[in-house]
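Structural description and commentary
If you want the building blocks of each chain, they are given just below.
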Amino acid sequence: MTTHPTPDGATDRSAAAIDVQDLHKSFGDNEVLKGIDFHVGHGQVVCVIGPSGSGKSTLLRCVNMLETPTSGRIFVEGDEITDRDADVDKLRSRIGMVFQQFNLFPHMTVLRNLTIAQQKVKGRKKDEAVEVARANLAKVGLAEKESAYPAHLSGGQSQRVAIARALSMSPDMMLFDEPTSALDPELVGDVLAVMKDLASEGMTMMVVTHEMGFAREVGDNLVFMDDGVIVEEGDPRHVLGDPQHERTQSFLSKVL
Amino acid sequence: MASPRQRAARLRYVQYAVLVLVLLAIALLADWDQLKRAFWDWEVVKAQFPDVITIALKNTIIYTACGFAFGLVLGLVLALMRLSSVGPYRWIATGVIELFRGLPALVVFIALSVGFNLAFPDRQIPFGNLGIVTLALGLVGGAYMAETIRAGIQAVPKGQMEAARSLGMSHSRAMISVVVPQAFRIILPPLTNELILLTKDSSLVYILGLALEDYELTKFGREGMNTAANLTPIIVIGLCYLLITVPLSIVVRRMESRAERAR
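The residue numbering used here restarts from 1 in each chain and proceeds along that chain's sequence as written. Labels follow written order: the first chain is A, the first ligand is 1, and so on. Selection of residues for local features in this predicted model requires a pLDDT of at least 70, selection of side-chain atom pairs for listing and counting requires 80 or more, and totals for whole chains, interfaces and linings are taken over all residues. To obtain the side-chain values, all non-hydrogen atoms of the structure were used and water was disregarded.

This part covers the overall build of chain B. Numbering of helices and strands starts at the N terminus; helices are DSSP runs of H or I of at least 4 residues and strands are runs of E of at least 2. A count of helical and extended segments in chain B gives 11 helices and 0 strands. Only C-alpha atoms enter the radius of gyration; for comparison, a globular chain is expected to reach 2.2 Å times N to the power 0.38, where N is the number of residues. By the compact-globule yardstick of 18 Å for 263 residues, chain B is too spread out, its C-alpha radius of gyration being 25 Å. Its C-alpha atoms give chain B principal-axis dimensions of about 75 × 70 × 30 Å. Each residue gets one of three labels from its accessible area relative to the maximum for its type: buried under 20%, exposed over 50%, partly exposed in between, using a 1.4 Å probe on protein chains only. Taking all 263 residues of chain B together, 40% fall into the buried category. Across chain B, the fraction of contacts at a sequence separation of at least 24, relative to all contacts at a separation of at least 6, is 75%. Shrake-Rupley sampling with a 1.4 Å probe provides the accessible areas, and residues are treated as covered by the protein chains on show and by no other component. Only carbon and sulfur atoms are counted for the fraction: they give 67% of the accessible area of chain B, which is about 15,200 Å². Here chain B contributes 25 positively and 17 negatively charged side chains, and the mean placements of these two sets differ by 15 Å. In what follows, a contact means two residues having at least one pair of non-hydrogen atoms within 4.5 Å. Charge counting follows a simple rule: Lys and Arg are positive, Asp and Glu are negative, and His as well as the terminal groups are ignored. For the purpose of locating charges, the reference atoms are NZ of Lys, CZ of Arg, CG of Asp and CD of Glu.

Right, here's the structure in full:
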């Protein structure tokens, strides 16, 4: 099932892959998210941009409950992950996550990085897990690295392995937390190419990024956040090309 | 006027001269025959073998290994309790750690051997002396290792736990598969140091009153010294301790330099 956003960003909510309702998050006295409402449709690529400290990473981390929201509700594929009785581990196994710092497991080979959660969480047999892992390594162009340890990979290779690790869980959607921000400039392209392929295969993606080119080219929807609220959202070409809000204009004038 | 370089050279010569003079003084002043009779009497040395190896060294290694193994498990459990979100677990672990880290190992030995019999007159600690040694060394070693292990777990970057959780692993699964293995790689050197300390603490078993076949190195050396009225047995068992601890030290240094290179 695919939904298409109307120009104002509204979609049939019952069909949303990610649905965030009135989300608040405070760290102590510091309110980082001040009432966020937004959603990601099936197969949509939503990019979230904004200055550092705007709450965009916190929003992403709330979606798979790495941060516990102070209030508000989040639905993932119709299941409420913020429900007290929700099986958060099980829901998380359907949400792939890619981190800025890769977070590969350094004491395991690349192949083991990709198989361990398949076996321990999904209960797949070893043969099946290895098969899935090899297919995903090939997909990110690193089939020959399966017996390497993460310390011997470049940043770009590490991030592609991290993407393959998340994909090996056969997730319904992928979250990306500034996936290229820790990379040397010449390595960014490889990672973005893998993400572009994923998007073209119809993967639902929520991407916190500073890569405006990627957002413009691949994103179906662009969200600009500042100071804990969504300031502006819509078609990336409109938001980037003709920002309506003064804060968006000021941010984009600095980064573009 | 001497240049700084000449002055440095002269200072070096003075240091060498002092060293040579001290060595000469020792060599000339000492009564070598007397020293040799007291510290390294070949007849007494020979009399120590083979028992010093087959009984004493063997028992020291067994006591230490059992105590260390128990201590490692206990240390890991205490470390995880210290990091628990359940308050009482943290309090209990902190209490146990402070208690057994603060008490001399000898006191723990006495308390266990005498105290257990007083508390449970009709029961015994399984495996006799070996059981008591394992418990006592394990409690003392475990209390120390708990803090080391906790530090190791906290030294693993937070992102590792987050990545494991994001893949759907439970907290305990992530601990077992991802965090603890990395923590142990970080703390291998301090853990090996703890093993060296326990090797020496195993000598405290003498307080239990042992039969000959249960003697470990220190007890064996003391008995030998009393029999021979000579320090040679102590020298022999001292060398046996070094036989255990020096290779361990070398292993630790290797691991540390390898960890240094990997950075």
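On we go.
Turning our eyes to something else, we now look at unusual backbone geometry. The phi torsion of most residues other than glycine is negative, and most of the peptide bonds are trans. Following Phe49(B), the chain continues into Pro50(B) via a peptide bond in cis, with omega recorded as 0°. By secondary structure assignment, the location of Pro50(B) is in the loop between α3 (42-48) and α4 (51-82). Positive phi, close to 45°, is recorded for Asp22(A), a residue that is not glycine. Relative to the helices and strands, Asp22(A) is located in strand β1 (residues 16-27). Of note, the phi angle at Asn103(A) is positive, near 55°, even though the residue is not glycine. By the secondary structure assignment, Asn103(A) is in the loop between β6 (95-98) and α3 (110-120).

Okay, the interface of chain A and chain B next. Each partner contributes residues to the interface: chain A has 22 residues there, and chain B has 17 residues. Three residues, Asp89(A), Phe105(A) and His107(A), lead the burial of chain A against chain B; their summed loss comes to 30% of the area buried on that side. Put simply, a salt bridge is a Lys or Arg side-chain nitrogen that is within 4 Å of an Asp or Glu carboxyl oxygen. Where chain A packs against chain B, one counts 2 salt bridges. Between Arg165(B) and Asp89(A) there is a salt bridge, and its shortest N-O distance comes to 3.2 Å. The term buried area refers to how much accessible surface (probe radius 1.4 Å) is lost by two components on association, counted for both of them together.

To find the voids left in a structure, one rolls a probe of water-molecule size over its atoms. Residues and elements named next belong to chain B. Counted as a void, the second largest pocket has a volume near 440 Å³. Think of a 1 Å grid over the protein atoms and nothing else: a 1.4 Å probe that fits but is trapped marks a cavity, an open set flanked by protein within 12 Å on at least five of seven lines marks a pocket, and residues with an atom within 4 Å of a point count as lining. Lining the second largest pocket are 16 residues, and of these Leu-80, Leu-83, Met-161, His-171 and Met-175 lie nearest its centre. Secondary structure elements with two or more residues in the lining of the second largest pocket: α7 (128-155), α8 (158-166) and α9 (171-201). Following the grouping adopted for this structure description, the nonpolar residues are Ala, Val, Leu, Ile, Met, Phe, Trp, Tyr, Cys and Pro, the charged ones are Asp, Glu, Lys and Arg, and the polar ones are all others, Gly among them. Considering only residue class, the lining of the second largest pocket consists of 10 nonpolar, 5 polar and 1 charged. Grid points are joined across faces, edges and corners, and a volume is the space filled by probe spheres set on the points.

Residue and element names in this part refer to chain B. One fewer than the residue count of a helix, multiplied by 1.5 Å, yields its expected span. With 28 residues, α7 should reach 40 Å at 1.5 Å per residue; the first-to-last C-alpha distance of 39 Å fits that figure. Note that bend, as reported per residue, equals the angle between axes fitted to the 7 residues terminating at that residue and the 7 residues originating from it. The sharpest bend along α7 comes to roughly 30°, located at Gly-142. Judged by how many residues are buried, α7 sits mostly within the fold: 20 of 28 residues are covered.

Attention now moves to the packing of aromatic side chains. Here is the rule: rings of Phe, Tyr and Trp (six-membered ring for Trp) pair when centre to centre is within 6.5 Å. Planes less than 30 degrees apart are stacked, more than 60 are edge-to-face, and the remainder are tilted. Enumeration according to the criterion identifies 3 aromatic pairs over all chains in this entry. Ring geometry for Trp40(B) against Trp42(B): centres 5.6 Å apart, planes inclined by 80°, an arrangement best described as edge-to-face. Classification of Trp40(B) as partly exposed rests on a relative accessible area of 26%. Two conditions define a charge located above a ring, namely a distance within 6 Å from the ring centre to NZ of Lys or CZ of Arg, and an angle within 35 degrees of the ring normal. One residue, Arg165(A), lies across the ring of Phe105(A), its end atom 4.5 Å from the ring centre.

A few words on the environment of Ala164(B). Looking at the element boundaries, Ala164(B) is found in helix α8. Since its relative accessible area comes to 0%, Ala164(B) is described here as buried. Sequence spacing of Ala164(B) and Val179(B) is 15 residues, and the spatial spacing of their C-alpha atoms is 9.1 Å. Ignoring any residue separated from it by four or fewer positions in sequence, one finds Ala164(B) in contact with Phe105(A), Met169(B), Ala174(B) and Val178(B).

Residue and element names in this part refer to chain B. Residues Val-14, Val-18, Val-22, Ile-26, Trp-32, Leu-35, Phe-39 and Leu-231 make up a contiguous nonpolar surface patch of roughly 690 Å² in combined accessible area. Secondary structure elements with two or more residues in the nonpolar patch: α1 (4-29) and α2 (32-39). Among the elements that line the nonpolar patch, the one with the most residues is α1, at 4 residues. Mapped onto the elements of the fold, Val-18 is located in helix α1. What makes a patch is a set of residues exposed beyond 30% relative accessible area and free of salt bridges, joined within 9 Å when like-charged and within 5 Å when nonpolar (Val, Leu, Ile, Met, Phe, Trp, Tyr).

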